[in-house]
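Reading the structure
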Amino acid sequence: MSKRENQILQLLKRDPFIQQQEIADILGISRSCVAGHIMNLSKKGYIKGKGYILSKNAYAVSIGAANIDLTSYAYNELIYEDSNPGKIISTPGGVGRNIAQNIALLKNESYLISVIGNDQNGKVLFDKTKLAGVNVKFLYKLDGEKTSICNSIIDKKGKCILTINDMSILEKLTPALLSQSRSLIQHASVLVVDCNLTEETLKWLFRHVKNVPIFVDTVSQSKAPKIRHWLSHIHTLKPNRTEAEILSGIKIENQKDAAKAADWFHQRGVQRLILSMDTEGVYYSELDNSSGCSPAIHTNVINSNGAGDAMMAGLVHCWLEGMELKESIQFSQQCSALTLSSEHIEIFPKNHSYI
């Protein structure tokens, strides 16, 4: 779905009896252009029959990692090659799984496609993800495989300084397995992909998904290059500064550099760039539309893990709601800030209320 089609769909949701000319006046386009977009929405199944009867099956599909997170919190300054006092907790995790869960917590229909082992960790992931409201029909349990585990060390300032992951099971999330959920993927309102997937699987997705906006989380410096040759297929790309530098070859030290990098991505087909600038906030840019920098929200950082996943979920939620980019960024930053202030990865941890 294009941005303009999404805008029209949201207007129809608010007022199913709105006239095409009124839509045209609101959006500043011609009535014939509105008619064309409405025809496309009908062909894609978002509008059924006459009178703008809307399909109620808008949903998001997240494809990526699902794992158990072991997180070690150091109480004091870390002393290397020595024993350090702290605490260790175990929680459900994985970029794709985290995003799917947070999308569900934001009251959207959310599907997760991933793989887990038929073991105790897999059972915990399956049950807790389902309990959070995620549709887990395509969360495949594989016999003889070990559920992914990710082990992170958090310093006393809440910064993740090292992560070791055991995620070889994701190699089993193959195009052949994905083809079993092909219809679900191709009829989604938005598709979220993380770069933990193999290059072969990413290639299959980019080649077979048409007319569905694809949001991509680059995950890490080592995994971001996997999507270098597929930028023209990406609607929304959410890298951090280093990942954007690796992909573009442009050193990003300030907002001017960020704007230059955004132009580079837009020239290669990326519709929207959401660039994390650490303490400077978020630089955002939309092709042929708005751009700017939204300042960081100051919060008591307990754990930086999962904050980017919460932000991506916020972006997906705002897209489904038809919100403008600037407003979407601010909402998504709030989602991220709530996660930063918690030991857990969900947007609404204990003692927090709905945004």
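Calculation notes
- Residues numbered from 1 in each chain as written.
- Predicted model: local features only at pLDDT ≥ 70, side-chain atom pairs only at ≥ 80, totals over all residues.
- Heavy atoms only, no water.
- Helix = DSSP H or I, 4+ residues; strand = E, 2+ residues; numbered from the N terminus.
- Rg over C-alpha atoms; globule rule 2.2 N^0.38 Å.
- Buried < 20%, exposed > 50% of the residue type's maximum accessible area, 1.4 Å probe, protein only.
- Contact = heavy atoms within 4.5 Å.
- Areas by Shrake-Rupley, 256 points an atom, 1.4 Å probe, with all protein chains shown as cover.
- Lys, Arg positive; Asp, Glu negative; His and termini not counted.
- Charge placed at Lys NZ, Arg CZ, Asp CG, Glu CD.
- Phe/Tyr/Trp six-rings, centres within 6.5 Å; stacked < 30°, edge-to-face > 60°.
- Lys NZ or Arg CZ within 6 Å of the ring centre and 35° of its normal.
- Core = buried A, V, L, I, M, F, W, Y, C linked by side-chain atoms within 4.5 Å.
- Salt bridge = Lys/Arg side-chain N within 4 Å of Asp/Glu carboxyl O.
- pLDDT = per-residue confidence, 0-100.

Moving on, we come to the overall build of the protein. Secondary structure assignment for the protein yields 12 helices and 15 strands. Over its C-alpha trace the protein gives a radius of gyration of 20 Å, about what one expects of a compact globule, namely 20 Å for 355 residues. Projecting the C-alpha coordinates of the protein onto the three principal axes gives extents of approximately 70 × 50 × 40 Å. Counting only residues that meet the buried cut, the protein has 54% of its 355 residues in that class. When contacts within the protein are restricted to residue pairs at least 6 apart in sequence, long-range pairs at least 24 apart make up 62% of them. When the accessible area of the protein is evaluated, it comes to approximately 16500 Å², of which 49% is carbon and sulfur surface. Across the protein, the 39 positively charged side chains and the 35 negatively charged ones have centroids separated by 6 Å.

Considering all chains together, one arrives at five aromatic pairs under this definition. Between Trp264 and Phe265, the ring centres sit 5.0 Å apart and the planes meet at 85°, which makes this aromatic pair edge-to-face. Comparing Trp264 with Phe265, the two get one shared label, buried. The ring of Tyr73 is capped by Lys87, whose NZ or CZ atom sits 5.7 Å from the centre of that ring.

Ranked by internal contacts, the top residues of the largest apolar core, which has 51 residues, are Ile63, Ile113, Leu191, Leu205, Ile227 and Leu237. Setting aside residues no more than four positions away along its own chain, Ile63 makes contact with Ile113, Leu173, Leu178, Ile185, Leu191, Val192, Val193, Asp194, Leu197 and Leu205. If you look at the next biggest cluster of nonpolar residues, it comprises 19 residues, including Val95, Tyr284, Val316 and Leu325.

This part takes up the pattern of salt bridges. For the coordinates displayed, the defined rule picks out nine salt bridges. Among the ionic pairs, Lys238 bridges to Asp217, the shortest N-O distance being 3.4 Å. Of this pair, Lys238 sits in strand β12 (residues 236–238) while Asp217 sits in strand β11 (residues 214–217), and the two are 21 residues apart along the sequence. Of the two residues, Lys238 and Asp217, both sit in the buried class. We note a salt bridge from Asp278 to Arg241, for which the minimum N-O separation is 3.5 Å. One end of the pair, Asp278, is in the loop between β13 (272–276) and β14 (282–286); the other, Arg241, is in helix α9 (residues 241–248), and 37 residues separate them in sequence. With a relative accessible area of 51%, Asp278 lands in the exposed category. What you see here is one network of salt bridges that share partners, running through Arg241, Asp278 and Glu280.

Before going further, it helps to spend a moment on the confidence of the model for the protein. Here the protein averages 89 in pLDDT, while 91% of its residues score no lower than 70. Segment residues 349–355 is flagged for pLDDT under 50; beyond a separation of four residues in sequence, or across chains, it makes 14 contacts in the model.

For the rest of this paragraph, the subject is the side chain of Asn6. Looking at the element boundaries, Asn6 is found in helix α1 (residues 3–14). Excluding residues within four positions of it along the chain, Asn6 makes contact with Met1, Trp319 and Gly322.

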